[in-house]
Amino acid sequence: MARAGAAAARGDHRDWAAARRERTRQLIELGGLVHKAGLVELVDDDRATLLGALLELAGRLRDGEAYGSVEAAAPEHLCARWRHAGLRAFHAEREAAQADPA
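Residues numbered from 1 in each chain as written. Predicted model: local features only at pLDDT ≥ 70, side-chain atom pairs only at ≥ 80, totals over all residues. Heavy atoms only, no water.

Undergrad: How do you make sense of the overall build of the protein when you look at a structure like this?
TA: Assigned secondary structure in the protein consists of four helices and zero strands. Ordering the α and β elements of the protein from the N terminus gives α-α-α-α. Burial analysis of the protein (102 residues in total) assigns 10% to the buried set. Approximately 8,700 Å² of the protein is accessible, and the part contributed by carbon and sulfur atoms is 59%. (Helix = DSSP H or I, 4+ residues; strand = E, 2+ residues; numbered from the N terminus. Buried < 20%, exposed > 50% of the residue type's maximum accessible area, 1.4 Å probe, protein only. Areas by Shrake-Rupley, 256 points an atom, 1.4 Å probe, with all protein chains shown as cover.)

Undergrad: What is the right way to look at the pattern of salt bridges in this model?
TA: It is possible for side chains of opposite charge to pair when their charged atoms get near one another. All chains considered together, the criterion is met by four salt bridges. As a salt-bridge pair, Asp 45 and Arg 47 come within 3.4 Å of each other at their nearest N and O atoms. For Asp 45, a relative accessible area of 40% corresponds to the partly exposed category. The partner of Arg 60 in a salt bridge is Glu 56, and the shortest N-O contact between them spans 2.5 Å. Of this pair, Arg 60 and Glu 56 both sit in helix H3 (residues 47-63), separated by four residues, roughly a single helical turn. (Salt bridge = Lys/Arg side-chain N within 4 Å of Asp/Glu carboxyl O.)

Undergrad: What should I look at first to understand the packing of H3 against helix H4 (residues 75-99) in this one?
TA: Two numbers describe a pair of packed helices, the interaxial angle and the distance between the axes. Direction vectors running N to C along H3 and H4 enclose 130 degrees, while the axes themselves pass 7 Å from each other. Taken together, the axes of H3 and H4 are oblique relative to one another. From H3, Leu 57, Arg 60 and Leu 61 reach across to H4, where they touch Pro 75, Leu 78, Cys 79 and Trp 82. Among the residues forming the contact of H3 with H4, the class breakdown is six nonpolar, no polar and one charged. (Axes fitted to C-alpha atoms, helices over the stretch in contact; angles between N-to-C directions. Parallel < 35°, antiparallel > 145°, perpendicular 65-115°, else oblique. Contact = heavy atoms within 4.5 Å. Nonpolar A, V, L, I, M, F, W, Y, C, P; charged D, E, K, R; others polar.)

Undergrad: Sorry if this is basic, but what is going on with H3 here?
TA: Given 3.6 residues per turn, any residue in an α-helix points the same way as the ones three and four places further on. Relative to the 24 Å expected for 17 residues at 1.5 Å per residue, H3 spans 24 Å between its end C-alpha atoms, a close match to the ideal helical length. For H3, the complete set of buried residues consists of Leu 50, Gly 59 and Arg 60. Looking at where H3 begins, the residue whose side-chain oxygen comes 3.1 Å from the main-chain nitrogen of Ala 48 is Asp 46. Two residues or fewer after H3 comes Gly 64, characterised by a positive phi angle close to 75 degrees. (Expected span 1.5 Å × (residues − 1). Polar contact = N/O pair within 3.5 Å; in protein donor to acceptor, adjacent residues only side chain to side chain.)

Geometry only, nothing functional implied.
Below you can see the structure in the form of structure tokens.
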């Protein structure tokens, strides 16, 4: 009985650890996207500026406000436009890596 209890406790811990590793990986990937977008260099690694920009972006999505436009844009249109731009950037990066395998 004690072994079964210990095995169950280890299993719970392993599930927790796996979830933690998954979240850590996600956060690292998100940080990589911020870097890949060139934001780190553009704001001279000022994390308060980055956070402020991301908070404004989130607010625009919540409010449906288009950047630099008086007209309101639906959040799904903004997300679709940004997704398309991101996919183009990933594709261009992939093509550049294949062209220069160094």
